[in-house]
Structures are given as structure tokens and as C-alpha cells.
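Each chain, written out:
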Amino acid sequence: SPSPVPANPGRRMAAAAATAGEGEVDLRAIVTDVGAGQLREPLRYCIAVDGSELSLRTFHAAAMLCCRGDHVTVLHIADPGKTYLPYDMRPSSIREQYDVECVGRFPKSNYSIVVKNKRLGESTRTAVLDAVNNGTFDVFCVGMVGRKGPKDSPTVLGSTADYSMRGAHCTSVVVKGRGADFPKSGPFVVACDGSRKSLFCIRQVLTMANDDDEIRVVHVSQRDQEGLRPQFRATAVKEAAEAVAAGDKRFSFEFIEHGTDTTIADTLAEYAAEAGALYVAMGADGVAAFAAGKYVGLGSVSDRLVKVARCSAIVTQDSERLMGSP
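Here's what I pulled together on the structure shown here. (Residues numbered from 1 in each chain as written. Predicted model: local features only at pLDDT ≥ 70, side-chain atom pairs only at ≥ 80, totals over all residues. Heavy atoms only, no water.)

This part covers the overall build of the protein. Along its length, the protein carries 11 helices and 10 strands. Taking all 326 residues of the protein together, the buried fraction comes to 52%. Looking at the protein alone, contacts between residues at least 24 apart form 79% of all its contacts between residues at least 6 apart. Within the structure as shown, the protein displays about 14,900 Å² of accessible surface, and the carbon and sulfur contribution to it stands at 51%. (Helix = DSSP H or I, 4+ residues; strand = E, 2+ residues; numbered from the N terminus. Buried < 20%, exposed > 50% of the residue type's maximum accessible area, 1.4 Å probe, protein only. Contact = heavy atoms within 4.5 Å. Areas by Shrake-Rupley, 256 points an atom, 1.4 Å probe, with all protein chains shown as cover.)

So this is what it looks like as C-alpha cells:
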């Protein structure tokens with residue numbers, strides 16, 4: 001899994017930017033802080049499945065992200081009280097189905113199938129989150145909705161996806177769409193605002209993406225650049241993103257304008273749709289939380305972008321929450 005980061009890294013990064021000078025950003029400190037340029041280590045994936053078609057699609061999406069050496073845990077939360085479920089949604093059937101799916105894709109030592117019974121009175125979403133956070137996972141994959149299917153509005157997440165994305169200590173992949181097969185081509189669109197979380201997001205996507213994938217990092221430019229702290233100005237964001245990418249051939253950077261009649265999240269979602277993106281990726285919080293020196297599970301821009309994007313979403317977390325950062 002990615003190397004752990006030091007405690008209170010956001011403050012350290014802000015301090016590094018300040019000491020570099022009013023109009024400068026210490027790129028070396030940023031690159032070191034987010035762990036860029038390190039050799040790729042195997043990732044540990046956890047995939048939540050429930051017998052639905054979307055959970056199978058989620059498994060296929062995760063399998064496409066996996067590289068040699070990565071480990072996959074297929075997780076199913078069972079309710080012993082639901083003896084009336086159809087055969088294909090019973091724990092034994094789900095275990096058998098995903099054993100077959102895994103055998104053709106991963107070495108036996110690189111996957112496991114875990115069926116965990118809920119405790120009396122425990123919700124599925126709580127059981128899933130506990131299993132994820134008590135494990136040693138780098139990436140958690142979950143369908144946008146569960147067995148009950150799509151909500152009345154396509155922008156409403158299922159409770160398990162929503163709860164897990166906010167509370168997971170690792171990166172979350174929220175898979176959308178219909179049908180069991182996940183698309184095989186399309187760019188990763190990564191939103192970057194200059195915050196530590198968004199720069200770590202670039203690093204994480206570079207780690208997760210395959211060698212032939214396209215990674216487009218985009219920054220929504222604010223008109224009032226002078227009103228921003230130096231590290232959040234457009235030119236500094238571009239320099240920091242390029243430093244984290246460290247010459248990776250899959251990386252490109254683009255500025256997009258923020259219209260006056262739309263939100264930043266909607267601007268990013270529209271860009272991702274026009275690009276035919278497989279994923280839109282973002283840090284779990286951005287400039288507002290970073291500038292305030294506090295930690296929040298999911299910022300307002302990230303929250304809306306996950307919901308309104310037509311494609312699947314990647315929301316990155318790292319180990320700083322566990323190490324006492326704000």
C-alpha cells in the first residue's frame with residue numbers, strides 16, 4: 001500500500017508554501033509530502049457485493065484497475081434473518097459466483113472472499129464500513145446503489161455507498177451505470193484545486209491506472225487570482241500537479257473556466273461527460289477545508305461531483321485521518 005504520510009501533512013504543506021516565499025510554492029516539499037515518484041507498491045482492494053447486477057459491474061471495474069501483485073477481497077455482508085432471499089442473492093451463491101469470477105483473473109494467493117454476518121440490529125452500511133476500516137485496504141469499491149436499484153433521482157446515492165464514501169479511511173471507487181460489463185476505454189479526469197488532498201488524488205490515480213490509460217488533470221480557474229493564497233493560484237496548481245506527475249507520459253493538465261451560472265462541480269461533471277471519462281476523481285475535501293485547517297469527510301464540491309457526474313467516481317483518502325491530522 002502507499003507509504004504513510006506524516007502527521008498533520010496539510011499544515012506542513014501550507015507551512016512549506018509559506019516559507020518558500022509569498023509568490024512561490026515549494027514543489028520539492030509538495031512532492032515529498034504526497035509521496036510522488038515512489039515505486040508502485042501492490043494495492044489492496046475491497047469490493048462490496050450483494051448479488052445485484054451493479055455489484056457485478058463494480059467487481060469488473062475493480063478487476064480492470066488491478067495490476068499484477070494487487071490483492072482483492074470480495075466482501076459480502078449477510079443477514080442471517082433473511083432466509084427468503086432468492087438463490088442468487090444468498091451468501092453461498094454469492095461466494096460461489098465470485099470464486100468463479102476471481103479464479104480466471106487472479107492467482108489464488110491474491111484474492112479472498114469474505115462473507116460476514118451482520119450483528120443483530122446492525123445496518124448493512126455500518127457492517128461494510130467497519131469491515132473496510134478494520135482491514136488494511138487502500139481502495140474500497142462499491143456500487144452507487146444496492147439491491148433496491150436506482151433511486152427516483154439519478155443523483156441520489158444508496159445509503160451504503162454514501163456512508164462508506166464519507167467514513168472510509170481509504171480511497172473509495174463509486175461505480176455507476178447499467179449492465180454487468182464495465183467500459184474498457186476512456187480517460188480518468190482528476191479535479192485539482194491545489195489542496196493536499198487533490199494533489200494526493202493525482203498520485204493515487206497514477207498508481208491505480210493502467211499503463212495505457214489517459215489521465216487528464218483539470219483545474220477550474222477562478223477569475224480573482226489575486227485574492228487566492230499563492231499555492232491555490234492557477235499557475236501554482238499547474239506546477240504542483242506537474243511535479244507530482246513527475247513526467248508520467250499518461251498525464252496531461254488543462255485549465256477550464258468556471259462559468260458564472262454554474263457550480264464548480266457541474267463544470268467538472270460537464271467536462272468529464274464531454275471527455276467520455278471512465279472516472280472522475282477528486283480529493284475528499286478541497287481548498288475550503290484545507291485553508292481552515294480542518295478535516296471533513298467529504299467537501300461540498302466533492303459531494304456534488306460524485307452525485308452529478310455521469311461516470312463512476314474516485315474519492316481519495318489517505319492515512320492522515322488516522323494519524324491525527326485536522
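The next thing to look at is helix H8 (residues 234–245). Between its first and last C-alpha, H8 extends 17 Å over 12 residues, near the 16 Å set by a 1.5 Å rise per residue. Of the positions making up H8, those classed as buried are Ala234, Ala236, Val237, Ala240, Ala241, Ala243, Val244 and Ala245. Positive phi shows up at Ala246, right after H8, with a value of about 55°. (Expected span 1.5 Å × (residues − 1).)

Taken as a whole and assessed by the stated rule, the structure comprises 10 salt bridges. As a salt-bridge pair, Asp130 and Arg119 come within 3.8 Å of each other at their nearest N and O atoms. Placement of the pair is Asp130 in helix H5 (residues 124–133) and Arg119 in the loop between strand E3 (111–117) and H5, with a sequence separation of 11 residues. Of the charged contacts, one joins Lys238 and Glu242 as a salt bridge, the two residues approaching to 2.5 Å between their closest N and O atoms. Of the two residues, Lys238 and Glu242 are both situated in helix H8; the distance of 4 residues between them amounts to about one turn of the helix. Relative accessible area serves as the criterion here: at 29%, Lys238 is assigned to the partly exposed category. Since its relative accessible area comes to 34%, Glu242 is described here as partly exposed. Connected via shared salt-bridge partners are Arg119, Glu122 and Asp130. (Salt bridge = Lys/Arg side-chain N within 4 Å of Asp/Glu carboxyl O.)

Spatially, E3-E2-E1-E4-E5-E10-E9-E6-E7-E8 is the arrangement adopted by the 10 strands of the open sheet, whose pairing is mixed. Every interior strand has two partners, whereas the edge strands, E3 and strand E8 (251–257), have only one. Direction aside, the axes of adjacent strands within the sheet are offset by 20° on average. The pairing of strand E7 (residues 215–221) with E8 spans 7 bridges and is parallel. Its bridge partner being in E8, Ser221 is matched across the sheet by Glu257. This element, H5, spans strand E1 (44–48), strand E2 (71–78), E3 and strand E4 (139–143) of the sheet and lies at about 150° to E2. (Pairing = 2+ DSSP bridges. Axes fitted to C-alpha atoms, helices over the stretch in contact; angles between N-to-C directions.)

The residue Lys176 is located in the loop between strand E5 (171–175) and strand E6 (188–191) in this model. Sequence-wise, Lys176 and Val306 are 130 residues apart; in three dimensions their C-alpha atoms are separated by 10.0 Å. Lys176 has contacts with Leu54, Arg57, Met144, Val306, Lys307, Val308, Ala309, Arg310, Cys311 and Ser312, leaving out every residue within four places of it along the chain.

In this section: the pairing of E2. Across the 8 residues of E2, 8 count as buried, placing the element largely inside the fold. The two faces of E2 match: His71, Thr73, Leu75 and Ile77 on one face and Val72, Val74, His76 and Ala78 on the other face are all buried. One ladder, built from 5 bridges, connects E1 with E2; its direction is parallel. Paired with Arg44 across the bridge in E2 is His71. Handedness of the crossover joining E1 and E2 through helix H3 (residues 53–65) is recorded here as right-handed. Sheet analysis places E2 next to E3, joined by 7 bridges and oriented parallel. Across the sheet, His76 pairs through a bridge with Val115, a residue of E3. (Right-handed = clockwise from strand over helix to strand, strands pointing away.)

Quick look at H3 now. Each turn of an α-helix holds 3.6 residues, which means side chains three or four residues apart point in the same direction. Here H3 contains 13 residues, and its C-alpha end-to-end distance of 19 Å stays within 8% of the 18 Å for a straight helix at 1.5 Å per residue. Summarising burial for H3: 11 of the 13 residues are buried, a large majority. Looking only at H3, the buried set comprises Leu54, Ser55, Leu56, Arg57, Thr58, Phe59, His60, Ala61, Ala62, Ala63 and Leu65.

Let us now look at the nonpolar core. Counting 91 residues, the largest nonpolar core has Tyr45, Val173, Ile202, Val217, Tyr279 and Val280 as the members making the most contacts within it. If we ignore the near neighbours within four places in the chain, the residues touching Val280 are Val189, Ala272, Leu305, Ala309, Cys311, Ser312, Ala313 and Ile314. (Core = buried A, V, L, I, M, F, W, Y, C linked by side-chain atoms within 4.5 Å.)

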